[in-house]
Structure formats: structure tokens, C-alpha cells
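# Summary of structural features
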Amino acid sequence: MKRLLFCIAAVFFIQTRDFAQSYGLIFSSHEVVQEKRTSIDLSPDDSLCFTNSFNLSFDINFLPHHAIYFGYIFRIIAVGPGGNEQNIDLLYNQKVSNFKVIVGDNFSGISFTVDSVKLYRDWNNFSLAYDLQQHQIRFSVNGHAVGSSPVPATGNCFKILWGADDYGKFRTRDIPPMELKDIRIADDGTPKYDWPLDETAGEAAMDKLSHRTARIKNPVWLKPRYQQWDLIGSFTVNGYAGVAYNPKQDKLFVAGSDSIAGYELTKDGYTTDWLPIHHTDYRMGHQLIYDTINDKLLDVFIDRRMVATFSAATRSWDQNAPPGPLTEYWHANKFVSPLDSSLYVIGGYGQLRYKNLVQRYHFPTRQWDTVKTSGDYLAPRYLAALGIDADGTSAYLVGGYGSKTGDQMLDPRNFYDLFRFDIRRHSFHRLFSLKSPAFPFTFANSLVIAAKPDTWYGLLFPNDSYNSKLQLVEGSFSDSSFRQVGNSIPYSFHDIQSYADLYYSPLSNKLIAVTLFYTRDDEKERNTQVRVYTLNYPPEPVDRMAAAVSVTPARSYRWVWGIVLAGCLVFIMGIFVRRRRMGANKIHPQSIAKPAETDHTAAPSPVMLAVASHTEEAGAPSQAIYLFGPFQVYDREGHDITRLFTPLLKELFLIIATYTMRNGRGISSEGLNEILWHDKAEKDAKNNRSVNLAKLKPILEKVGNCVINKESGYWQLQVLDNTYIDYKACVMLMRETEVPDNRQIHALVDIVKRGPFLLQTEYNWLDDIKSEISNAVIDRCLSYLRQHDITENPEFSIEITNCIFYFDQLNEDALTYKCKGLILLKRHNLASNTYLKFVKDYRDIYSADFDKTFQEIIS
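These notes cover the structure that comes with them. Predicted, not measured: the structure shown is a model, and the values here were computed from it.

Next up on the list: the sheet that holds strand S45 (residues 624-626). One open sheet holds the 3 strands; their spatial order is S46-S45-S50, and the pairing between them is mixed. The sheet is open, and its two edges are formed by strand S46 (632-634) and strand S50 (724-725), each paired on a single side. Pairing of S45 with S46 involves 3 bridges; the strand directions are antiparallel. From the neighbouring strand, Ala624 faces S46, where its bridge partner is Tyr634.

Opposite charge on two side chains permits them to pair, given that their charged atoms come into close proximity. Going through the model one piece at a time under the given rule, you end up with 32 salt bridges. Among the ionic pairs, Asp122 bridges to Lys118, the shortest N-O distance being 3.5 Å. By relative accessible area, Asp122 is classed as buried at 13%. Residue classification places Lys118 among the partly exposed positions, given a relative accessible area of 26%. Among the ionic contacts, a cluster of salt bridges with common partners joins Asp59, Lys181, Asp182, Arg184 and Asp194.

Let's shift gears to the packing of helix H11 (residues 794-807) against helix H12 (residues 812-824). Between H11 and H12, the least distance of the axes is 9 Å, while the angle of their chain directions is 150 degrees. Here H11 lies roughly antiparallel to H12, going by the angle between them. As H11 packs across H12, the resulting crossing turns out to be left-handed. Residues Pro794, Ile798, Thr801, Asn802, Ile804 and Phe805 of H11 form the contact with H12, whose own contacting residues are Ala814, Leu815, Tyr817, Lys818, Gly821, Leu822 and Leu824. When the residues that make up the contact of H11 with H12 are grouped by side-chain class, the tally is 9 nonpolar, 3 polar and 1 charged.

Let us look at the packing of aromatic side chains. In this structure the tally under the stated criterion is 66 aromatic pairs. Relative to Tyr503, the ring of Tyr245 lies with its centre 5.5 Å away and its plane at 35 degrees, an arrangement referred to as tilted. With a gap of 258 residues between them, Tyr245 in strand S19 (residues 242-246) and Tyr503 in strand S42 (residues 498-505) connect regions that are remote in the sequence. Centroid distance Phe838 to Phe850: 5.1 Å. Interplanar angle 65 degrees. Geometry classified as edge-to-face. Here the residue Phe838 occupies a position in helix H13 (residues 828-846), and Phe850 occupies one in the loop between H13 and helix H14 (854-858), the gap between them amounting to 12 residues. Just as Phe838 is buried, Phe850 falls in that class too. We note Arg381 situated over the ring of Phe415; from NZ or CZ to the ring centre the distance is 4.4 Å.

Moving on, we get to the side chain of Asp194. Mapped onto the fold, Asp194 is located in strand S14 (residues 190-195). Given a relative accessible area of 15%, Asp194 falls into the buried group. Not counting chain neighbours up to four residues away, the residues in contact with Asp194 comprise Ile183, Arg184, Met206, Asp207, Lys208 and Leu209.

Look at helix H10 (residues 767-787): 30 Å from first C-alpha to last across 21 residues, which is about the 30 Å you get at 1.5 Å a residue. Of all 21 residues in H10, 16 are buried, a share of seventy percent or more.

Okay, H13 next. With 19 residues, H13 should reach 27 Å at 1.5 Å per residue; the first-to-last C-alpha distance of 27 Å fits that figure. Where the residues of H13 are buried, they touch H11, H12 and H14. Of the residues flanking the end of H13, it is Ser847, one or two places downstream, whose phi is positive at about 55 degrees.

Counting buried positions along strand S27 (residues 333-337) gives 5 out of 5 residues, so the element sits mostly inside the fold. Neither face of S27 is open: one carries Asn333, Phe335 and Ser337, the other Lys334 and Val336, and all of them are buried. The sheet contact formed by S27 and strand S28 (residues 342-350) spans 5 bridges and is antiparallel. Of the residues in S28, the one forming a bridge with Val336 is Leu343. In this antiparallel pair of consecutive strands, S27 and S28, the connection spans 4 residues, and Ser341 shows a positive phi of 50 degrees.

On to empty space enclosed by the protein, then. Left-over empty space is what a probe sized like a water molecule reveals as it rolls over the atoms. Evaluated as defined, the whole model comprises 9 cavities of 30 Å³ or more. A volume near 120 Å³ is recorded for the second largest cavity. Per-class residue counts for the lining of the second largest cavity are 6 nonpolar, 6 polar and 1 charged.

Rules and cut-offs
- Residues numbered from 1 in each chain as written.
- Predicted model: local features only at pLDDT ≥ 70, side-chain atom pairs only at ≥ 80, totals over all residues.
- Heavy atoms only, no water.
- Pairing = 2+ DSSP bridges.
- Helix = DSSP H or I, 4+ residues; strand = E, 2+ residues; numbered from the N terminus.
- Salt bridge = Lys/Arg side-chain N within 4 Å of Asp/Glu carboxyl O.
- Buried < 20%, exposed > 50% of the residue type's maximum accessible area, 1.4 Å probe, protein only.
- Axes fitted to C-alpha atoms, helices over the stretch in contact; angles between N-to-C directions.
- Parallel < 35°, antiparallel > 145°, perpendicular 65-115°, else oblique.
- Left-handed = near helix turned anticlockwise from the far one by under 90°.
- Contact = heavy atoms within 4.5 Å.
- Nonpolar A, V, L, I, M, F, W, Y, C, P; charged D, E, K, R; others polar.
- Phe/Tyr/Trp six-rings, centres within 6.5 Å; stacked < 30°, edge-to-face > 60°.
- Lys NZ or Arg CZ within 6 Å of the ring centre and 35° of its normal.
- Expected span 1.5 Å × (residues − 1).
- 1 Å grid on protein atoms, 1.4 Å probe; cavity = no way out; pocket = protein on both sides within 12 Å on 5 of 7 lines; lining within 4 Å.
- Points joined across faces, edges and corners; volume = space filled by probe spheres on them.

Pasting the structure below:
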């Protein structure tokens, strides 16, 4: 219910807000390690000086779906003559969900809240007015005064810092996950500085008035996310896959013959679940659609007039299409109508004929019929795009390829007309034809038309070449012009072997593009290459100049080069920041439960890992593989057989095991070759791989029913009995929750108390995995400590902090909880020694003194 209400509120604000140019800076916060958090220094080499008063304003919002929001938005520090380093801070207190203004070491009395829906979904304007003569500050939010406070006398020069600053004793790493734009400062009422934060790359932001350069650490620029599609999934599934989207639950489904992937998107990320299903042989030409009326996933094969329903309980479809000839309805369009509880299918192609039939399946009676239509003539076609309006009374269909008679041999052509289909009257009305292009194009299957009034979005592509590209366009229902928005998506178009679709996610406020490419190696090997892309909404042109004119494409179908030539500088900078961001490999705690997005992995395939619990009885453990602490393996009799793993066998096993449990799909042969045998020829690498996998087999048989198999082209560790693997148990715990309960935290501590992940084992490919695990364990441990009173069980709280120190020996939160726990247990000397050791380690690592006293830690 909470998710549904959030979706409704999201759609309301999306439809009512002003869709201005999207830009700004995203602040990386507690979800990343301290060194990766974002900061802004408006005057890196000096300070900003004013006359009698100044006004600071900026726009801000918070990123949803984060565990920690506590932290500093800005710190204003008086410097220079008379400054005395007096500070004025804006802080967010997550405990009571309000903002506080701090002056020096005291609360100023200015405290306010912002409506949570507006804070997380819209830009909010904050303004601070500072009277240097009267020594007073006033604060306002969205044009409304929220408080004022006297401040000590200072000089006229200041450092203004945002986020994770490094300025002297004011150094902090506590910042909320937020977005910021339009920092403006006026001196005595006259605009003096203006940092829009509309850059697309780099670590500097330019002031548009006085040409000052602000320095930014770890920037994540917002604008490229509205211009460049982000590839969030690239994999291969067995069989001829289908794709569908459920807007009510904001979930994308990709169904293969033996598994279904479910993508759930948020504003700043996504999660993916893989559900193994009973084997299903999909027919080429079938299509998936989500029935939002009855809340069911459907598979439609029009030739047989078959609608199959998927059952999550049995993990199977209730019927399968029998073998038969190829479909006569390739690339037909479809929609679900709430008006008459029906599924509509329009058009298609097959057996040298284009179709314009309107077919209907009535859900209550499970009956098909052919609808008799009226109004304007819809020429037979396929490769058109269709979408239904927000109130469900009209469907819109644009473009396509066909002929006026339906016969492929009689003047086939591209169509560019836009039709409205009245669902009640079953009538077509031709609105207009899109402006004549100089190259042929068709559309991906769906239009997005409910996200913004009087506007539609579609993916068009040249249908006369194999190496094609999908280009997002924005059009209007009252004007025949359209414009290109966002960059292009590579698309291999081979008619009936290709499929593309477009959706809108109201919760994450993103557009979703999916491409499918069917392959068939022989009679048995049928696969689908799947790619999933997202783009922040509303999308914007890559070239700002192109946004001002309606698109009339270039004289060649290679119109993408026109964008590159017109906006080459912006494009190159966008590519640079994307690669930079990918290279930085920003770590999210949730990513431990996500499919990895590395080049070494590809096709997800469900892996049946036995779910086993493990409790070490008195004596040696048995039938277990430990990855936390030192790597250790025990056979069925409890003997330590770790010595049987040579360095190469150990690394080979760890690669396959961690990739299998981390992403649920394993690693390809190419991925193994790149890591272990990149310097060998393909034939030699294959021989090495085969030999060493053969050596691993008898070792794993000693442990239990553990095998390494190749499934769908990917090497996987399959555990078919109760063999215990601590990393698998840890991954399962991480997937359950980000805020663990008592059972979950005790289970996590039991796993982690052996030590850090793969202690004294170092490989280049392992660094990212270690970082993910470290962040996930620390975040969940701290989440538990913050949610529970330390006085209830100080011994266990100390045990939790020891686990944190395994991964971050200079974690200040862990130090605080451990010292407080020791004080509660009357172990004052141990508390003092813990603090002193922390101070020494801090000095050794950072070559600086720790800035908190023991009393500050335990207060």
C-alpha cells in the first residue's frame, strides 16, 4: 500500500510540475565509502567577501530509498580579519525529519520541515539572508519564512562549503543523499554569483556572473542522465523471450524458457530478481503483456488465439502454444482496455500480408472476436507504435510499414500517420502525418503518452539496415513536428528476429527501453539477447540547439551523425563522464544482491543453490566452504582440505563461486579467459580451463554434492545438498533487508566474526566484490545499532562493532558504539585503550590528529 501511494503521488507531481531543463549535481553520500563522497568548495583558493549583507539561495531535493539521510547540506565559515572561524551550518536531522540551522556549537532556533513527497520528488528553493551589520540571519523555504536568529559578529569574508568538506576542524563526511542546483549569491541585493551546476563532466563548476570556478570532488552530474541512456542489463536467456511492464508495481518482466527476470526501478538504481520456471517453448512471434485489470502476466500467441497466464505459485504458464507454422502477426500492437476488460491486438505481418485487423480478447468470458471498425481507413501495417491515454478511452497508433492493400508485392511503404482509436466507438480518426523525413523509419512497439499532457514519446529506427539505431523522439498530438531527445541506442534490426519496446516508470521517473534479438544455432539452441536501458524523465536533446527546432531529419538515414556534428563537444564530454563514472564503479550496498554489470558476465540463468543453514557444533566443522576470514574448505568428515587447492585452482574456484552467488548466473568462458589466461591463445586457454576444471571436480566431490557445470554458456557452482557456504548465506541475508532484525543481525555476525572477506587473498577482479561486501555489512550493522538501544545488550553491540572494524578500522560510528558499550560494562580501561588505538591508527593512516576527544566520543 505504501508503494502504491508513493506511485500515485509520484505521478501527480510529475504531471503538475514545470518540466524545465534538467541539470544539477548529485551528492554521493553514506552509500559509498568516505573517500567517494561529494563536496563543493565555491572558493577553493580564497574566500567570498561581501559588503553589508548577502543572500544565498539554492534548489535542493533528496534522493529516495536511502537508509541514512543525516548530514550537512552546507557550512558557512567566517574567515579573515574578525572572522574567528564562526560557523553557520544547515543540517538534516533524520531522527526527527527536520532541518536545523547551527550557529557555532549551538542550535540557532531555526528549525523546519519540508513535505516529504515534495522533498523527494521536486526541487525546493532554500534561501539564507545574512545581515552583516545587524548580525542576524533569516531563512526561507519555497518563498516562506521559516525563522531568524542572531549570530555573533564576524568579518565580511566567508568559506561556503557543501557536502563532505575538508576544511580544518570543520571537516565532515556526514552528508545526506541529495541533488543540488542553481546556487545564487547576491551582495547587498545585487546578484554577484550564479553557479547553475549544469555541467556534464569534469570537477569544476563555472559561475555565470563573476566567472569564479568552484571545485567539486566526486561529482555525479545530473544532466547526462537526461541525455544518455544507461545500459542496466545485458544478458542472454534461453528460448524466444518476451518482455512486459507492470506500471502499477513499477516492474519490468523478461521471460525466457526457464526463467523470468523482474526489474524494479528506483530514482537512483534498480533491483533484479530471477525466478526459475518450468520449461516453456515460446513460439516465435509471441508477445507478453501485463494485465493491469486482473494483475496477471500474460503470454499472447495471436495465430492460435491463445492467452496464457503465468502463476507465480506454480512457476509455470497455464498453457503452451503447440508447434505449427510461423506467425502471421509479427510486430502486432496491443493494449489492455479497462473500459471493456479486454485485450486488443492491432495489425501485424506474415505470409506476405500486412494486417489491419483489430482483434479483441474479453477477459471475463475468455472469448476472442474481430472488432468491426469505422472512421478513417487504417492501412495494413506492422512495426508501428501504440499507446493508450491516461483515462483509457483512446489508443494512439503512429507509423509502421505496410501497403494500402495489405499485399507485400503491391507498393509496400513506410507510414508516418498518427491515428486515434476511440475504444468505445471502435473508430479510427487520422490526426495528421508526421513531417516528411528524408529517410525511412519505423517504430518500436509502444508509445509513452501518459507521462506528460499532449505529448508522446516513441523509439524510431531506420528499417532499411541491420546495424540500426533506436532514437527517442518527442511529439505532440496537436502538431506534426517532433524532436530527437536523448542519445541513440544500438539496435540490430533483422525484421522478425528483432523486437524493441518502450515504457515509462512513474515511481523512478524514468523511461525504459528494451531490445530483444533472437538467435537459433540449431534445432535445440534458441536464445534471446536482451538489453535493458533507462533514461531519466523528462528526456532532453543531446545538443541544446536541437531542442529549439522541430526535427526534420537529414538527407541520409545516418541522421545520428547530424547530432554528433551539431553537438560534438557536449557529446564527447558526456561520453567522458559516463566512462569516468563507470570507471569509478560507485558502490551501492544493494548491489550485493544485483546481477553484476561486468564484461566477464552475461546471460543470467537461474542457479539452484541449496538453501542450507549451518551451525558449527563443538569440534571441527564439516562439509563447509568459508570465504569470510581465511579461505578454508572442510570435507564430509570434517577434515581441512584447503591445501588441495593450488593457487590457480583456488582462484578458478573463487571466481566461479563468487560470480555464481553474487549475480546468480556465473561467468562465461570468455570472462574466465580474460582473468586467468588473457595472455594465451583461445585454444590454449580452453585447454588450460578444461584441465583445471577437471582437477577441481574430485576436490569438490570430497566436500559434498558440489559441481561446476556450464549452463547456457556460463560456468556455475551448483550445490545440490546441504553443504554450507558462508558467502551464500551472507548474500541471502543481504537480499532480505537493509535494516536487519535480531535474527538477521545475529546470523550476519555469526558469519562475519571469522574475519574480513577472503582475508589475505588479493586479486584485481576481487576488489569490487570486497568493497560491496564491506559496504553492505557496515551499513546493516550500523542500521541495527541505530535502531536499538545499546543499553539492552552492550556485549552484543560490542560484537557488532568488532565486525565493522574488520572492514573499516577507522569507522567513527563503530568507535562510538564500542566505547559506550564498554563504559556500560564498567570496562573503562578497555574503552580508553580502544580510543587510543583508534587515534594512533588514524594518525598513522591520515598523518593527522583525530579531532574528537574521548569525552566527545562517549558523551
